[in-house]
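# Report on the structure
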Amino acid sequence: MITLDLRGRDLIIIPSAESLDLSTSELLQVLFGSHLPLSIRNSMGRDKRHHFLRTQPIHFTSIESALRKQQTPFIISFDEHPALPFETALGIEPRPYQNEALTHWLAAGSAGIVVLPTGAGKTFVAATRHIYCLTRMHHIQYLQRDDLTRQRTGCIR
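Read on for a plain summary of the structure. (Residues numbered from 1 in each chain as written. Predicted model: local features only at pLDDT ≥ 70, side-chain atom pairs only at ≥ 80, totals over all residues. Heavy atoms only, no water.)

This next bit is on the sheet that holds strand β1 (residues 2–7). Strands pair in a sheet through their backbones, by hydrogen bonds, and they do so in one of two ways: parallel or antiparallel. Within the open sheet, the 5 strands sit side by side as β3-β4-β2-β1-β5. Their pairing is mixed. Each of the sheet's edge strands pairs with one partner strand only, and the pair in question is β3 (45–46) and β5 (74–76). Note that β1 and β5 share 3 bridges and pair parallel. Bridge pairing links Leu4 to Ile76 in β5. The strands touched by helix α1 (residues 24–32) within the sheet are β1, β2 (10–14), β3 and β4 (53–55), with β4 carrying the most contacts at an inclination of about 80 degrees. Helix α3 (residues 60–70) contacts β1, β2, β4 and β5 of the sheet and is inclined by roughly 155 degrees relative to β5. (Pairing = 2+ DSSP bridges. Helix = DSSP H or I, 4+ residues; strand = E, 2+ residues; numbered from the N terminus. Contact = heavy atoms within 4.5 Å. Axes fitted to C-alpha atoms, helices over the stretch in contact; angles between N-to-C directions.)

Take the nonpolar core next. Of all hydrophobic cores here, the largest spans 18 residues; its most connected members are Leu4, Ile13, Leu31, Phe32, Met44 and Ile63. Looking at this core, the elements with two or more residues in it are β1, β2, α1 and α3. Those residues in contact with Phe32 that lie beyond four places of it in its chain are Ile13, Arg41, Met44, Ile63, Ala66, Leu67 and Gln70. (Core = buried A, V, L, I, M, F, W, Y, C linked by side-chain atoms within 4.5 Å. Buried < 20%, exposed > 50% of the residue type's maximum accessible area, 1.4 Å probe, protein only.)

This is the structure in structure tokens:
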């Protein structure tokens, strides 16, 4: 039985006793088969004393999914959805058009891009979205648009 746990800043994967003597590449193949993305596989290290695997906790979902697909039995030794140690609340209410942006975002399955003019409160909408995701244990990813990056680069030159 494989154990997933958190130690310090790392997600650790503790293999069964009979797998400890395998090389790292053999162990990864046994545990995940071809189901774990190469970038995550390459980011894993092996603890020299205890022989377990170490990686960043951000890879937990991919690792869990790969173990399930490979049908590798495992247990998780930590709370996957811990309660926040504080109450999340907004001190101000969103404006109607900000609420509309949030409503459309939720209707789209919590996906999409917020496009509002300068000074319209995109940061507030993002903060509201962030609080929504935190309270429901969702992941959120912020991306910079390429055209804005090119525009800024052009101004610097």
